[in-house]
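# Report on the structure
As a plain string of letters, each chain reads:
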Amino acid sequence: MLVYCSKLVLSAKNGSESIVQQVARWMGSLGGSFVDPIRLESGIRELVLAKGQRVQARTNQIGESSPKAYPYLFCTKFSHADQTVSGRRWVTEIGIRQDGEDEDIECSFLLKTDEISARVTAPIQVTRPRLVDELAKNCSPTPATAGTRIKTLDVASAHAYLAAVEREDRSAPLVVTSCTIKGEYMISPDRLKSLLIGLADVVDIPNGTDTFTLEDIVGRRYSAWGGAINIIFPPRPGASGGTCESVLFRPAQLADMLESGTNIESEVLAAITHRTNLPMSWRHISLEVVQQARLRNQLAQAIADSKTDEQNSVFTDLLIEADKELSSKDKEISELRSILEESSADLRKSRAEVDTLNHALDARANTAFNESEEIQKLRRIVFPLLNGSPSLEECLDFVEFMYGSRVIVLPSARKSAQDSSDFKYGKVAIDLLAKLADGYWEALNEGKPDAQAKSVFGRDDYAAQESKKLSADGKSRRTFQYKGQPILMERHLKHGVKDSSAETLRIHFEWVAPEKRIVIGHCGKHLDF
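Residue indices begin from 1 for each chain and proceed along its sequence in written order. Only residues with pLDDT of at least 70 get local features here, since the model is predicted, and only at 80 or more are side-chain atom pairs given and counted; chain-wide, interface and lining totals rely on the full set of residues. No hydrogens and no water enter the side-chain calculation; it runs on all heavy atoms of the structure.

## Regarding the pairing of strand 15 (residues 485–488)
Side chains Gln-485 and Ile-487 of strand 15 all project onto a buried face; the interleaved residues Pro-486 and Leu-488 project onto a face where none is buried. Pairing analysis gives four bridges linking strand 14 (residues 479–482) to strand 15, with the strands arranged antiparallel. Residue Thr-479 lies in a different strand from strand 15, and its bridge partner there is Leu-488. In sequence, strand 14 turns back onto strand 15 through a hairpin of two residues, with Lys-483 there showing a positive phi of about 55°. Burial here depends on accessible area, computed with a 1.4 Å probe over protein chains only, as a share of the maximum for the residue type. Under 20% is buried, over 50% is exposed, and the range in between is partly exposed. What counts as a helix is a DSSP run of H or I of at least four residues, what counts as a strand is a run of E of at least two, and both are numbered from the N terminus. Strand pairing is defined by DSSP finding a minimum of two bridges between the two strands.

## Some words on the nonpolar core
Buried residues of nine kinds, namely Ala, Val, Leu, Ile, Met, Phe, Trp, Tyr and Cys, make up a nonpolar core once their side-chain atoms join them within 4.5 Å. With 53 residues, the main nonpolar core has Ile-19, Leu-40, Phe-109, Leu-196 and Val-268 as its most contacted residues. Of all hydrophobic cores here, the second largest spans 32 residues; its members include Tyr-403, Ala-437, Ala-453 and Tyr-462.

## Some remarks on the sheet that holds strand 8 (residues 174–177)
If you walk across this open sheet you meet the five strands as 7-9-8-10-11, and the pairing is mixed. The open sheet has two edge strands with one neighbour each: strand 7 (151–152) and strand 11 (246–249). Pairing geometry for strand 8 and strand 9 (residues 201–204), over four bridges, is parallel. Residue pairing in the sheet places Leu-174 in a bridge with Asp-201 of strand 9. Working rule for contacts: check all heavy atoms of both residues, and any pair within 4.5 Å makes them a contact. Helix axes use the C-alpha atoms of the stretch in contact, all axes being lines fitted to C-alpha atoms, and the angles between their N-to-C directions lie in the range 0 to 180 degrees. Relative to the sheet, helix 5 (residues 189–196) contacts strand 8 and strand 9, its axis offset from that of strand 9 by approximately 170°. Set on the sheet, helix 7 (residues 251–260) makes contact with strand 10 (229–232) and strand 11; between it and strand 11 the angle comes to about 60°.

## Structural notes on the pattern of salt bridges
Within this document, salt bridges are pairs made up of a side-chain nitrogen of Lys or Arg and a carboxyl oxygen of Asp or Glu, the two lying within 4 Å of each other. Per the stated rule, a full pass over the model turns up 26 salt bridges. Of the charged contacts in the structure, one is a salt bridge between Glu-265 and Arg-191, with a shortest N-O distance of 2.9 Å. Highlighted residues: Glu-265 in helix 8 (residues 264–283) and Arg-191 in helix 5, separated in sequence by 74 residues. On the basis of relative accessible area, Arg-191 is assigned to the partly exposed category, the value being 33%. Here Lys-415 and Asp-419 are joined by a salt bridge, their closest N and O atoms 3.0 Å apart.

## Overview of the sheet that holds strand 16 (residues 492–495)
Across the sheet, which stays open at both edges, the five strands sit in the order 12-18-17-16-13 with mixed pairing between neighbours. Each edge of the open sheet carries a strand with a single partner, namely strand 12 (407–409) and strand 13 (462–463). Note: strand 16 against strand 17 (residues 505–512), four bridges, orientation antiparallel. Residue pairing across strands places Leu-493 opposite Ile-507, the latter belonging to strand 17.

## Brief notes about the packing of aromatic side chains
Ring pairs are drawn from Phe, Tyr and Trp, using the six-membered ring of Trp, whenever the two centres fall within 6.5 Å, and their geometry is named by plane angle: stacked under 30 degrees, edge-to-face over 60, tilted for the rest. Inspection of the entire model under this criterion finds eight aromatic pairs. Consider the rings of Tyr-440 and Tyr-462, whose centres lie 5.9 Å apart with planes at 45°: the pair is tilted. Here Tyr-462 lies in strand 13 and Tyr-440 lies in helix 14 (residues 426–445), a separation of 22 residues in the sequence. Relative to Phe-509, the ring of Tyr-440 has its centre 5.7 Å away and its plane inclined at 85°; by these criteria the two rings are edge-to-face. Note that Tyr-440 is positioned in helix 14 and Phe-509 in strand 17, a separation of 69 residues in sequence. Each member of the pair Tyr-440 and Phe-509 is classed as buried. Taken together, the ring pairs in this structure connect Tyr-440, Phe-457, Tyr-462 and Phe-509 into an aromatic cluster.

## What about the side chain of Thr-504?
Looking at the secondary structure, you find Thr-504 in the loop between strand 16 and strand 17. Relative accessible area serves as the criterion here: at 2%, Thr-504 is assigned to the buried category. N or O atoms closer than or at 3.5 Å make up a polar contact, with two conditions inside protein: a donor-capable atom paired with an acceptor-capable one, and, for residues adjacent in sequence, both atoms drawn from side chains. Within polar-contact distance, the side chain of Thr-504 engages the backbone oxygen of Lys-498 at 2.4 Å. Leave out the neighbours within four places in its chain, and Thr-504 touches Phe-423, His-495, Gly-496, Val-497, Lys-498, Asp-499, Gly-524, Lys-525 and His-526.

## Focus on the packing of helix 4 (residues 158–165) against helix 6 (residues 211–218)
One can describe the packing of helix 4 onto helix 6 by two numbers: an axis separation of 9 Å at closest approach and a directional angle of 40°. Overall, the two elements helix 4 and helix 6 adopt an arrangement that is oblique. As for how helix 4 packs across helix 6, the hand of that crossing is right-handed. Only Leu-214, Ile-217 and Val-218 of helix 6 make contact with helix 4, whose side of the interface consists of Ala-158, His-159, Tyr-161 and Leu-162. Put simply, Ala, Val, Leu, Ile, Met, Phe, Trp, Tyr, Cys and Pro go in the nonpolar bin, Asp, Glu, Lys and Arg in the charged bin, and everything else, Gly too, in the polar bin. In the contact of helix 4 with helix 6, the residues fall into six nonpolar, one polar and no charged. In what follows, roughly perpendicular refers to angles from 65 to 115 degrees, roughly parallel to angles under 35, roughly antiparallel to angles over 145, and oblique to any angle outside these ranges. The crossing is said to be left-handed when, going from far helix to near helix, the turn is anticlockwise and less than a right angle, and right-handed when the turn is clockwise.

## Re the packing of helix 1 (residues 15–31) against helix 3 (residues 130–138)
Two packed helices can be described by the angle between their axes and the distance between those axes. In the contact formed by helix 1 and helix 3, the axes pass within 11 Å of each other and the chain directions differ by 145°. Handedness of the helix 1/helix 3 crossing: right-handed. Between helix 1 and helix 3, the residues in contact are Ile-19, Gln-22, Val-23, Trp-26 and Ser-29 and Arg-130, Leu-131, Glu-134, Leu-135 and Asn-138, respectively. A breakdown of the residues in the contact of helix 1 with helix 3 according to their chemical character gives five nonpolar, three polar and two charged.

## A few points about a negative patch on the surface
A patch consists of residues exposed above 30% relative accessible area that lack any salt bridge, with like charges linked at up to 9 Å and nonpolar side chains (Val, Leu, Ile, Met, Phe, Trp, Tyr) linked at up to 5 Å. Accessible areas in this description were obtained via Shrake-Rupley with a 1.4 Å probe; residue shielding takes into account the shown protein chains only. Note that His is not counted, nor are the chain ends; the positive residues are Lys and Arg, and the negative ones are Asp and Glu. Note on charges: their place is set at NZ of Lys, CZ of Arg, CG of Asp or CD of Glu. The grouping of Glu-101, Asp-102, Glu-103 and Asp-104 at the surface amounts to a negative patch. Note that Asp-104 resides in the loop between strand 5 (88–98) and strand 6 (105–115).

Read these as layout, nothing more, since geometry by itself doesn't imply function.
Laid out in structure tokens, this is it:
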């Protein structure tokens, strides 16, 4: 099973030899044996280390004493048995390619498992070889490597970020991370960078960013909030003006994973590699690729040698024809891979469209049932209003049902309404809420200031702020969570002055301009200052 593939582009200043030395040290530390980097770079048919690991290596160089020829290719394979699952081996391949002495070095990684039979079914936890992080720290990755630095997303950079997301030539996924209201991350940006280097770019939304405005600019599909992690894949090849596919890990989902003992890092990595493994494996510098390059070099050497001997002219023609045939096959394989990649993208899009149509059909098939539910809900709301005795919670049900696109009722508002179930003047409450969702909302939506919008209420029905200065606790009582962000709601509608939940009402709310919605945080008794 293919588990992980990635690629680093490293600076040429230390040469490929320094990379091979690091690989040899990594193998030696795991295998309990010294691995000679010079022997490793020259090629090893098979070497068994002290702890049972096996090492193979190939290079495309021919002739031990000749100077290094370019392009230079090298690959080594390190395999070992799984310590807990019988019948499974883990295989790590590291490939190197350098096209010239001063050219940057491409280093590709492939991690897979080999099972002896279909009966080996134990689940696999997706991981990244430690060697990737070591090479990234010690061998100077160039900007051509994905994930070399953490990018910041805030309101100031939102438009540039959106352009980068939809850029047709973007090849690496973007992993957008956000923090909770306490400033905590499910996975820190630095840890994500270490985990995903060579695979994806990490984008951090700093604590304190106005996520409402940010979402208004980039859209919910390309944003994250409240501790969520959003993976945004590159645009589909050949697509024009379409959206990018994404995978969103919501805060509640991540919290459930932590509680159940699921490794969040592994789940995020698995979501990315599920899309990136196949195309990256095609470009991986494998043992087979290096061996083919070596055979091509030997063929080229044989052609050159045969040209100096007139008796071998027939063989020269045959060798040249064989070389042309190999080149033609290489080109054909490359074209087929491109077709397969485009077909895979088309298949993913078609499946998404089928899912959308299935949901639409299900909704249509259940129309009668849904309408019945809506009618029943409407009856439950309207009958108390007709009787003139609605509770505060029924008043909230009414405004949410009739003005759902304009008003959001937070759970805290519903809880406070339930706590004030003895409020006597339901008709007053419904009148205030109707004016709030109707005339007041329309005035704000038209761009009028609050000073004009409040004229829809009676003189004593509305206050833009409290009459007394609020204590820290008073501010906390009037602060409510919306989409993971705290909002202080001093604006309120009011009725009565007694310290009684039966005769006094306060409805605290806030106008969220980017969404053109009124958010109600409290509907109940007077809150202490």
